[in-house]
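# Analysis of the macromolecular model
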Protein chains: 2
Amino acid sequence: MSVTAAQGFEAAGVAVGLKSTGAKDVAVVVNRGPLKTGAAVFTTNRAKANPILWSERAVADGVVEAVVLNSGGANCFTGAFGFQTTHQTAERAAELLDVAAGDVLVCSTGLIGTGDEAFRAKVLEGTEAGIAALSAAGGQDAAEAIMTTDTVPKTAVRTRDGWTIGGMAKGAGMLAPGLATMLVVISTDAVLDAAQADAHLRASTRVSFDRLDSDGCMSTNDQVTLLASGASGVEPDEAAFRETLIDLCRELARKLQDDAEGASHAITIEVVGAASEEDAVEVGRSVARNNLFKAAIFGNDPNWGRVLAAIGTTQAAFDPYDVDVSMNGVRVCTKGGPDRPREEVDLTPRATHVLIDLCAGEATATILTNDLTHDYVHENSAYSS
Amino acid sequence: MSVTAAQGFEAAGVAVGLKSTGAKDVAVVVNRGPLKTGAAVFTTNRAKANPILWSERAVADGVVEAVVLNSGGANCFTGAFGFQTTHQTAERAAELLDVAAGDVLVCSTGLIGTGDEAFRAKVLEGTEAGIAALSAAGGQDAAEAIMTTDTVPKTAVRTRDGWTIGGMAKGAGMLAPGLATMLVVISTDAVLDAAQADAHLRASTRVSFDRLDSDGCMSTNDQVTLLASGASGVEPDEAAFRETLIDLCRELARKLQDDAEGASHAITIEVVGAASEEDAVEVGRSVARNNLFKAAIFGNDPNWGRVLAAIGTTQAAFDPYDVDVSMNGVRVCTKGGPDRPREEVDLTPRATHVLIDLCAGEATATILTNDLTHDYVHENSAYSS
């Protein structure tokens, strides 16, 4: 059901040849209201793609009528011509939908540096075709159209207290934290104003997408958008809405992790006993980004020494000789020394759990990551060819 | 010639079974004087191996008589027992050499968490055998004994103005900056006091080993030691000595890069036009650590978009639309947009040059790194087995 699960939304996904496979490559999501509330978070990469530069401005007033998304080209570092492509995309959509161009967000994903005249023509064609195909059942098609190296479309839906939230996400590589780390559109029929939508979205992405660090590489194009139509007529309890949105974002983040390029393990790094949440996040992220640790997990090797070596590069409060590490339930390191034999750890399941107790406080954080595999190297060395 | 090229030094390399292959695994380097000057820089990883904890204290007074080094086990996170092993190693060497234990440095390299009773017995046996085998021709054996996954021993020698500097290095993985990033021993017969040795060493490692970032992973055991015997009787010109030491350190750093685990490209990232040297280093390191960039180079793909995406994650002064990138002499990106077609770039040679002009100032820095390959993943997933 994806982004059309909530009342007041229509979507479509069409194929216009941006992907050489002929698969769907342009998605349109439209908010039919009555409210046209929108909020978005963007990559913190300072090298921002043209759609990011456009959408940052377009969302500033908290009003969003539609989102046009394409795969098959990032339209990043394509100069003034590329920015005009984004601008024209928003204008074409606005014209056909009879709304203001400044209320249309644009998202692109694919190879950086791709955005020539042929690309522009196809994106504009897809915008037209997508709008012509809009329907309240189009959420699944839209979720398929934003896929790049994703092997499955990623959607999630929650219904509670008379309102619904639905979302779609894409992202299989270049997954690392900014404010956002992929293309995600979430829609709800709850009654939210722009300030509420913004606050709920930022609070939710901070503990979901921002805790996913598949390969340490931050994208130039990532955007997470929340649209609210108010079509349910229900003003949600703020706490209940936020809790549900966090839950939905975490499901989508898990789905991104599960489909990460070439990964053979989905690794949950749970840091406990930290002096602060910031420390816990720094430690988890440092381990998640350590290539030697990631390669060891690929080889089903419970190499806790690489975990401690990674922790040692952080500024977090900890004593190296007061750290405990467990892998898949087996305590392999106690107080910075060997504990149970490595042979007891079974790392063959895809789901992998690394528990790090810093013994320095009460704070916790969980980071999701993946292993470093032959397939990751292969996919990313052959990506542009 | 290695560490015995300069007058006043003896060395040895022996095999005692720390390596399952039967190759040499314990090295001893002794300074016969007349001066016993020593200086060292250590990993900045906060998780430090026992030999680091010992050597940091032992070098503090600027007097070093000998260095005992072993491969086949890092003696890191091996608890109080492991520290006693290091201590006993220094004491055994001191007893046999008739010097103070506090003037003997110890270095270890190999798997973290390795340091049981069998390890201790072999290291002590190797210390005795190494001292018995000391000779002024032993530098090559010592260089071989410190190898781990290195495929070749790494040595360099410079002679100038009546004095000589010789060095040996090991390191093929977990190569990333701290103060030092590998095991290196450098010896000279120039007349240097401890303060001079320390200043020259720090100035030299800062622009050589610290600019090598093969895989972003900082070791727990890295140490670079400079020993001065004064046996030439020559007080060197300070500037000439430093220039020569930098040159020698850079040669050793290049040799580490050329032999990095699994690498198929030795990549020189030259950053120019930076507002400060710090900015240039940050930008170069950010690109060097980007797995997507590293995988692209493996695939001979001049993917400059990934270079710009990596730069975008830094705090350096730059405008994304005023950056130029060349690869192996071909300008693929001008002012943040596509320039020459990627087909013109030949990335088949092992030596790869990436030139980044930030157009933001006059400062420069060069970072050495490697690509991300199937062999890197393989070696590091199978490392401990």
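Residues numbered from 1 in each chain as written. Chains lettered and ligands numbered in written order. Predicted model: local features only at pLDDT ≥ 70, side-chain atom pairs only at ≥ 80, totals over all residues. Heavy atoms only, no water.

A separate point is helix H7 (residues 277-288) of chain A. Residue and element names in this part refer to chain A. In this model, H7 (12 residues) spans 16 Å end to end at C-alpha, consistent with the 16 Å of a helix rising 1.5 Å per residue. Most of H7 sits out of view: 9 of its 12 residues are buried. Residues Asp279, Ala280, Val281, Val283, Gly284, Arg285, Ser286, Val287 and Ala288 constitute the buried set of H7. Contact partners of the buried residues in H7: strand S10 (266-274), helix H8 (291-298), helix H9 (304-311), strand S14 (351-357) and strand S15 (363-370). (Helix = DSSP H or I, 4+ residues; strand = E, 2+ residues; numbered from the N terminus. Expected span 1.5 Å × (residues − 1). Buried < 20%, exposed > 50% of the residue type's maximum accessible area, 1.4 Å probe, protein only. Contact = heavy atoms within 4.5 Å.)

Once that is clear, we can look at the relation of the copies chain B and chain A. After a rotation of 180° and a shift along the axis of 0.0 Å, chain B superposes on chain A with an RMSD of 0.0 Å. The operation mapping one copy onto its partner corresponds to a two-fold rotation axis. Taking C-alpha positions as the reference, the residue of chain B nearest the rotation axis is B:His374, at 2.7 Å. Both copies present the same face, since 100% of the interface residues in chain B are matched by interface residues at the equivalent positions in chain A. (Least-squares fit on C-alpha atoms with pLDDT ≥ 70 in both.)

Turning to the side chain of B:Ser71, a few remarks are in order. Residue and element names in this part refer to chain B. Along the chain, the position of Ser71 falls in the loop between strand S4 (66-70) and helix H2 (79-97). Take Ser71: its relative accessible area is 0%, and that puts it in the buried class. At 3.5 Å, the side chain of Ser71 and the side chain of Lys19 are in polar contact. Apart from the residues lying within four places of it in its own chain, the contact partners of Ser71 are Leu18, Lys19, Lys24, Asp25, Thr109, Ala145, Ile146, Met147 and Thr148. (Polar contact = N/O pair within 3.5 Å; in protein donor to acceptor, adjacent residues only side chain to side chain.)

Before going further, it helps to examine the interface of chain B and chain A. Between chain B and chain A, the contact holds 52 residues from the first and 53 residues from the second. For the pair chain B and chain A, the two sides together bury roughly 4200 Å², of which 60% comes from carbon and sulfur. Broken down residue by residue, the surface that chain B buries against chain A is led by B:Arg46, B:Phe77 and B:Leu292, which jointly contribute 18%. Where chain B meets chain A, there are 0 salt bridges. The interface formed by chain B and chain A contains 4 residue pairs in polar contact (both at pLDDT 80 or more). Listed by contribution, the elements that provide at least two residues to the side of chain B that touches chain A are helix H1 (50-58), helix H8 (291-298), helix H9 (304-311), strand S13 (337-338) and helix H10 (374-381) of chain B. If one sorts the elements of the side of chain B that touches chain A by residue count, H10(B) sits on top with 6 residues. Residues that form the side of chain B that touches chain A fall into these classes: 24 nonpolar, 22 polar and 6 charged. (Buried area = accessible area lost by both parts, 1.4 Å probe. Salt bridge = Lys/Arg side-chain N within 4 Å of Asp/Glu carboxyl O. Nonpolar A, V, L, I, M, F, W, Y, C, P; charged D, E, K, R; others polar.)

Another aspect to go through is the pairing of strand S11 (residues 324-327) of chain B. All names here are of chain B. Burial along S11 is two-sided: the residues Asp324 and Ser326 and Val325 and Met327 are all buried. Note that S11 and strand S14 (residues 351-357) share 4 bridges and pair antiparallel. Looking at the pairing, Asp324 lines up with Asp357 of S14. Of the strand pairs in this sheet, S11 and strand S12 (residues 330-334) are connected by 3 bridges, and their pairing is antiparallel. Pairing of Ser326 across the sheet is with Arg331, part of S12. The loop that links S11 with its antiparallel partner S12 comprises 2 residues; one of these, Asn328, has a positive phi angle of about 45°. (Pairing = 2+ DSSP bridges.)

Another aspect to go through is the domain arrangement of chain A. All names here are of chain A. If you check the domain split of chain A, you get domain 1 (2-258) and domain 2 (266-381). Relative placement of domain 1 and domain 2: their C-alpha centres are 32 Å apart. With 14 residues of domain 1 at the interface, the matching set in domain 2 holds 18 residues. Both sides together, the interface formed by domain 1 and domain 2 hides about 1400 Å², and carbon and sulfur atoms give 37% of it. Where domain 1 touches domain 2, the interface holds 1 salt bridge. (Domains from an automatic or database assignment.)

The next thing to look at is the packing of helix H10 (residues 374-381) of chain A against H8(B). The contact between H10(A) and H8(B) brings their axes to 7 Å, and the two run at 75°. In terms of orientation, H10(A) lies roughly perpendicular with respect to H8(B). Of the residues in H8(B), those in contact with A:Tyr376, A:Val377, A:Asn380 and A:Ser381 of H10(A) are B:Asn291, B:Leu292, B:Ala295, B:Ala296 and B:Phe298. Residue composition of the contact of H10(A) with H8(B), grouped by class: 6 nonpolar, 3 polar and no charged. (Axes fitted to C-alpha atoms, helices over the stretch in contact; angles between N-to-C directions. Parallel < 35°, antiparallel > 145°, perpendicular 65-115°, else oblique.)

A word on H2(B). Residues and elements named next belong to chain B. Taking 1.5 Å per residue, 19 residues should reach 27 Å; H2 reaches 28 Å between its end C-alpha atoms and fits that length. Within H2, burial applies to Gly82, Phe83, Thr85, Thr86, Thr89, Ala90, Ala93, Ala94 and Leu97. Angular distribution of buried residues about the axis of H2 spans 165°; they occupy a single face of the element. Turned more than 90 degrees from where H2 packs its buried face, Ala80 and Glu95 sit exposed. Those residues of H2 hidden inside the fold are in contact with strand S2 (26-31), H1, S4, strand S5 (104-108) and helix H3 (117-132). Of the residues flanking the end of H2, it is Asp98, one or two places downstream, whose phi is positive at about 60°. (Arc of directions from axis to C-beta.)

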